[in-house]
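Here's the letter readout for the chains.
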Amino acid sequence: MRHFTPPSKGKEGQLTHDEVVTVFHEFGHDLHHMLGLPNYGSSNWMRAEWDAIELPSQFMENWCWDKEMLKSLSSHIDTGEQIPDDLCDRLISSKNFFSAYDLLRQVELSLMDMELYHGAPRDIDEVVKAVRKEVRISPVYELDRFPNTFSHIFAGGYSAGYYSYKWAEVLSADAYEAFVEAGNIFDPVTGAKFMAEVLEASGKRPMKENFVAFRGRAPSVDSLLRHGGLL
Ligand SMILES: [Zn+2]
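Let me begin by describing the structure that accompanies this report. (Residues numbered from 1 in each chain as written. Predicted model: local features only at pLDDT ≥ 70, side-chain atom pairs only at ≥ 80, totals over all residues. Heavy atoms only, no water.)

1. A short note on the layout of surface pockets
With a probe scaled to a water molecule rolled over the atoms, the places where space remains empty come into view.
Item 1. Reported here for the largest pocket is a volume of approximately 880 Å³.
Item 2. Along the wall of the largest pocket there are 32 residues; nearest its centre are Asn-62, Trp-65, Lys-95, Glu-169 and His-227.
Item 3. Listing elements by their share of the lining of the largest pocket, those giving two or more residues are helix H1 (17-35), helix H2 (55-61), helix H4 (85-96), helix H5 (99-117), helix H8 (164-181) and helix H11 (222-227).
Item 4. The element contributing the most residues to the lining of the largest pocket is H8, with 7 residues.
Item 5. Looking at the lining of the largest pocket, its residues break down into 10 nonpolar, 11 polar and 11 charged.
Item 6. In this structure, the second largest pocket spans a volume of roughly 640 Å³.
Item 7. Considering the residues around the second largest pocket, the lining is formed by 19 residues, among which Leu-15, Leu-73, Ser-74, Ser-75 and His-76 are closest to the centre.
Item 8. Only H1, helix H3 (67-73) and H4 provide two or more residues apiece to the lining of the second largest pocket.
Item 9. Taken together, the residues that form the lining of the second largest pocket break down as 9 nonpolar, 8 polar and 2 charged. (1 Å grid on protein atoms, 1.4 Å probe; cavity = no way out; pocket = protein on both sides within 12 Å on 5 of 7 lines; lining within 4 Å. Points joined across faces, edges and corners; volume = space filled by probe spheres on them. Helix = DSSP H or I, 4+ residues; strand = E, 2+ residues; numbered from the N terminus. Nonpolar A, V, L, I, M, F, W, Y, C, P; charged D, E, K, R; others polar.)

Written as structure tokens, this is what we have:
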């Protein structure tokens, strides 16, 4: 259970940007729950594929990084003044800081996980070294034993599924991009289509097909790269 910053004495409650992102994220899960077809029971969203469960939630987060949205969401607590452009720009830059490095780190962990669960048993250190050689850009301490504490894939239920974090980001960024392409991040036609083809169809059709029905094509990684300031 996540607790939000309580109001200080005599003031309205104020959320940090991080907390706002959490509200949007969880609201995405709520929408998925509420709009999924009722004949699949109250837990219909659990029937969505593991690697797509975070699609609706991460999709919602995108609005928290749009300047127009940021300005409509927040104002100065005392003066009511709108958040200045410069502050929006700095906030967005802070999200993109080290984004390529972070992305590669997730790719490294995902590959490590896949390789360890794939094929014949091999020496863990050798697998890890091979993956790092392929994707890592900074050196690692010789005696590093990170896999020993990679509890996500050994005890957390993510075995061979760690990639789902990144994959859901690919899907959510590319889904959001449909609004950018429509020229309006509040475009009601695109919104209704997302609701019908992705949220409501969840559980009755594979998410891969939902995505294609919404976007008219397979997911592309370009949107995620653009969102991270990498394209
Ligand atoms: Zn979530």
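Still more ground to cover, so stick around.
2. Side note on helix H6 (residues 124-135)
Item 1. The terminal C-alpha atoms of H6, which comprises 12 residues, lie 17 Å apart, in line with the 16 Å expected from a rise of 1.5 Å per residue.
Item 2. Looking at the buried side of H6, the elements it contacts are H5.
Item 3. Between a side-chain oxygen at the N-terminus of H6 and the backbone nitrogen of Asp-125 the separation is 3.2 Å; the capping residue is Asp-123. (Expected span 1.5 Å × (residues − 1). Contact = heavy atoms within 4.5 Å. Polar contact = N/O pair within 3.5 Å; in protein donor to acceptor, adjacent residues only side chain to side chain.)

3. Considering the coordination of the zinc ion
Item 1. Around the zinc ion, the donor atoms from the protein are His-25 (NE2), His-29 (NE2), Glu-54 (OE) and Glu-54 (OE), and they sit 2.1 to 2.8 Å away.
Item 2. The coordination sphere of the zinc ion comprises 4 donor atoms, whose angles at the metal cover 50 to 140°; the geometry is irregular.
Item 3. Read in sequence order, the donor residues coordinating the zinc ion give the pattern H-x3-H-x24-E. Here His-29, found in helix H1, pairs with Glu-54, found in the loop between H1 and H2; they are 25 residues apart in sequence, far enough to count as distant.
Item 4. Glu-54 gets classed as partly exposed once you look at its relative accessible area, which sits at 24%. (Donors = N, O, S within 2.8 Å, 3.2 Å for Na, K, Ca; no water. Tetrahedral: all angles 85-135°; square planar, octahedral: opposite > 155°, others 65-115°. Buried < 20%, exposed > 50% of the residue type's maximum accessible area, 1.4 Å probe, protein only.)

4. So, unusual backbone geometry
Glycine aside, residues mostly have negative phi angles, and peptide bonds mostly take the trans form.
Item 1. Notably, Phe-98 is not glycine yet its phi reads approximately 65°, a positive angle.
Item 2. Following the sequence through the fold, Phe-98 ends up in the loop between H4 and H5.
Item 3. One non-glycine residue with positive phi stands out, namely Ala-160, at about 60°.
Item 4. Mapped onto the secondary structure, Ala-160 falls in the loop between helix H7 (151-154) and H8.
Item 5. Residue Ala-160 is classed as partly exposed on the basis of its relative accessible area, which comes to 28%.

5. Some details on empty space enclosed by the protein
Item 1. As enumerated under the stated definition, the model contains 1 cavity of 30 Å³ or more in all.
Item 2. Put simply, the largest cavity is a space of about 40 Å³.
Item 3. Every residue lining the largest cavity is listed: Tyr-101, Leu-104, Arg-105, Glu-108, Val-135, Arg-136 and Ile-137.
Item 4. By residue class, the composition of the lining of the largest cavity is 4 nonpolar, no polar and 3 charged.

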